[in-house]
Amino acid sequence: MEQCKTSPMKNEAARIRRIFMLLKEHYPRARTGLRFENPYQLFVAVLLSAQTTDEQVNRITAPLFAAVPTVAAMAKMKAAELEPYLKSCGLYRNKSRYLVEASRMIMGEFGGALPDKFEDLTRLPGIGRKSANVILYAAFGKPALAVDTHVYRVSRRLGLSAAEDTAGVESDLKKALSPGEWGPAHHRLIAHGRALCRARRPDCARCFLKSCCPWKE
DNA sequence: ATCCCGAGGG
DNA sequence: CCCTCTGGAT
């Protein structure tokens, strides 16, 4: 109690460290649920994952990768030819168009190889800040912290950030963590958002972070 | 701020 | 019926 008055900032830092320590304990090896074997497959899976569950994405990508196995093959497709493969996921018209256009840009401007820099990735249609960060970390092993709907919601409930947009939350989380922790933290916040800190009906009663969480529904 | 947009849960 | 799912472009 006295520590709160004498050094509130230091106390807050300790609270945040405790949150990530507990997340690590409960989700020791949290990682992406998207199935992929190379950067091309991750690029496709991430682009498809917008407003769609990873399980649904995996159902789609299995036949899609068999039919369209490379960036070069994707670049030769027409959006209309691709749509049947994406029919069962949301936003399928946009996603079909983005996949073809982005693949053509990768062929034309990046020599057929998926770029490994944030500024290049976000130039690709359908790849924004979140998807670029996922690719940087999962495909290239670079320090990056993607803020998706789960990370955004959970971070704000936990008081890790009060930012009103994903870029602001990303900035706050990065400041609170060392670069080596960014990727794992991303996956653990998602795991927590799915398991307990759900968008609807969060299970605060069973939450192991209850004692260090300011949020009440 | 709005649009895209099927599947699954409640 | 309503809300949400590893968003991005206009």
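Every value quoted in this text rests on a predicted model; they were computed, and no experiment measured them.

Caption draft 1: Fine view of the overall build of chain A. Scanning chain A from N- to C-terminus turns up twelve helices and zero strands. Mapped from its N terminus to its C terminus, chain A presents α and β elements in the order α-α-α-α-α-α-α-α-α-α-α-α. With the principal axes as the frame, chain A shows a C-alpha extent of 65 × 35 × 30 Å. Buried positions account for 45% of the 217 residues belonging to chain A. If you sum the accessible surface of chain A, you get close to 11,900 Å²; carbon and sulfur atoms cover 53% of it. On chain A, the mean spot of the 35 positive side-chain charges and the mean spot of the 21 negative ones are 4 Å from each other.

Caption draft 2: Representation of the environment of Gly 33. For Gly 33, the position within the fold is in the loop between α2 (8-26) and α3 (39-48). In sequence terms Gly 33 and Lys 174 are 141 residues apart; their C-alpha atoms lie 23 Å from each other. With residues near it in sequence (within four places) discarded, Gly 33 still touches Asp 54 and Asn 58.

Caption draft 3: How the structure looks around the side chain of Asp 54. Within the secondary structure, Asp 54 sits in helix α4 (residues 54-67). Using a relative accessible area of 18% as the deciding quantity, one classes Asp 54 as buried.

Caption draft 4: Up close: the protein's contact with DNA strand B. The local shell around DNA strand B consists of Gln 51, Gln 56, Arg 59, Lys 87, Ser 88, Cys 89, Gly 90, Leu 91, Tyr 92, Arg 93, Asn 94 and Arg 200. Between DNA strand B and Leu 91 there is a distance of 2.6 Å, counted from a sugar or linking oxygen to a backbone nitrogen or oxygen. Within the side chain of Arg 200, a nitrogen or oxygen atom sits 2.8 Å from a base nitrogen of DNA strand B. When residues of the surface near DNA strand B are traced back to their parent elements, those giving at least two are α4 and α7 (92-109).

Caption draft 5: Inspection of the protein's contact with DNA strand C at higher detail. Residues in contact with DNA strand C amount to 29 residues; listed here are only the nearest, Thr 32, Gln 51, Ser 131, Asp 148 and Arg 153. Counting only the atoms of DNA strand C within 4 Å of the protein, the fraction contributed by sugar and phosphate is 63%. A distance of 2.8 Å separates a phosphate oxygen of DNA strand C from a polar atom in the backbone of Gln 51. Contact distances for DNA strand C include 3.1 Å between a phosphate oxygen and a side-chain N or O atom of Arg 194. Looking at the surface near DNA strand C, the elements that each hand over two or more residues are α9 (129-140), α10 (149-157) and α12 (179-195). Class assignment for the residues of the surface near DNA strand C results in nine nonpolar, 13 polar and seven charged.

Caption draft 6: Summary view of α10. His 150, Val 151, Arg 153, Val 154, Ser 155 and Arg 157 are the residues of α10 that are buried. Among the residues trailing α10, Gly 159 stands out with phi positive, at a value near 75 degrees.

Calculation rules
- Residues numbered from 1 in each chain as written.
- Chains lettered and ligands numbered in written order.
- Predicted model: local features only at pLDDT ≥ 70, side-chain atom pairs only at ≥ 80, totals over all residues.
- Heavy atoms only, no water.
- Helix = DSSP H or I, 4+ residues; strand = E, 2+ residues; numbered from the N terminus.
- Buried < 20%, exposed > 50% of the residue type's maximum accessible area, 1.4 Å probe, protein only.
- Areas by Shrake-Rupley, 256 points an atom, 1.4 Å probe, with all protein chains shown as cover.
- Lys, Arg positive; Asp, Glu negative; His and termini not counted.
- Charge placed at Lys NZ, Arg CZ, Asp CG, Glu CD.
- Contact = heavy atoms within 4.5 Å.
- Near = heavy atom within 4 Å.
- Polar contact = N/O pair within 3.5 Å; in protein donor to acceptor, adjacent residues only side chain to side chain.
- Nonpolar A, V, L, I, M, F, W, Y, C, P; charged D, E, K, R; others polar.

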